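Chain and residue survey
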Amino acid sequence: PFNVSHNAEAEAVDLLIEVQRLKKILELDSIDEGNYRRVCMYLIKTADFMSDPDDYSEVLESAYQLFIKQKQYFDALRVALR
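Keep in mind the model is a prediction, meaning the values are calculated, not measured.

We now examine the overall build of the chain. Check the secondary structure of the chain and you find 5 helices and 0 strands. Radius of gyration (C-alpha) of the chain: 12 Å, near the 12 Å computed for a compact globule of 82 residues. Along the first, second and third principal axes, the C-alpha atoms of the chain reach 30 × 30 × 20 Å. Within the chain, the proportion of its 82 residues that are buried is 37%. A separation threshold of at least 6 residues defines the contact pool for the chain, and within that pool the share at least 24 residues apart is 57%. Of the roughly 5,300 Å² of accessible surface on the chain, 54% is carried by carbon and sulfur atoms. Here the chain holds 10 positive side-chain charges and 15 negative ones, and the gap between their average locations is 5 Å.

Rendered as structure tokens:
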């Protein structure tokens, strides 16, 4: 939560990916309408570098869930189609 609330979303996502706890990002209250887009875009771009198919789908699923949580259904659909 500290990294996300202090504009270090990329570091927060990287840390959660490294410790394989990416689903915890969905529980953070500090992701709001001001920073969800940066988090989601970083997740989508990071997914391209995942070598394991399970990690790839987990990253995209997290971005999808964040878009749904923010009621951005068009963006969620774009992620779902990947």
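On to the packing of helix α3 (residues 36-47) against helix α4 (residues 53-69), then. For the pair α3 and α4, the least separation of the axes is 9 Å and the interaxial angle reads 160°. Between α3 and α4, the crossing angle belongs to the class labelled roughly antiparallel. Here the hand of the crossing between α3 and α4 comes out left-handed. Here Y36, V39, C40, M41, L43, I44 and A47 of α3 come into contact with α4, specifically with Y56, V59, L60, S62, A63, L66 and F67.

What follows is about the confidence of the model for the chain. Summing up the model confidence of the chain, the mean pLDDT is 89 and the portion of residues at 70 or higher is 94%. The secondary-structure element of the chain with the lowest mean pLDDT is helix α1 (residues 2-5), recorded at 65, while helix α5 (residues 73-80) shows the highest, at 96.

What the rule picks out here adds up to 4 salt bridges. Measuring nitrogen to oxygen at the nearest pair gives 2.9 Å for the salt bridge that ties E9 to R38. Of this pair, E9 sits in helix α2 (residues 9-18) while R38 sits in helix α3, and the two are 29 residues apart along the sequence. By relative accessible area, E9 is classed as buried at 6%. Ionic pairing is found between R78 and D75, a salt bridge with its closest N-O pair at 3.1 Å.

Definitions and cut-offs
Residues numbered from 1 in each chain as written. Predicted model: local features only at pLDDT ≥ 70, side-chain atom pairs only at ≥ 80, totals over all residues. Heavy atoms only, no water. Helix = DSSP H or I, 4+ residues; strand = E, 2+ residues; numbered from the N terminus. Rg over C-alpha atoms; globule rule 2.2 N^0.38 Å. Buried < 20%, exposed > 50% of the residue type's maximum accessible area, 1.4 Å probe, protein only. Contact = heavy atoms within 4.5 Å. Areas by Shrake-Rupley, 256 points an atom, 1.4 Å probe, with all protein chains shown as cover. Lys, Arg positive; Asp, Glu negative; His and termini not counted. Charge placed at Lys NZ, Arg CZ, Asp CG, Glu CD. Axes fitted to C-alpha atoms, helices over the stretch in contact; angles between N-to-C directions. Parallel < 35°, antiparallel > 145°, perpendicular 65-115°, else oblique. Left-handed = near helix turned anticlockwise from the far one by under 90°. pLDDT = per-residue confidence, 0-100. Salt bridge = Lys/Arg side-chain N within 4 Å of Asp/Glu carboxyl O.

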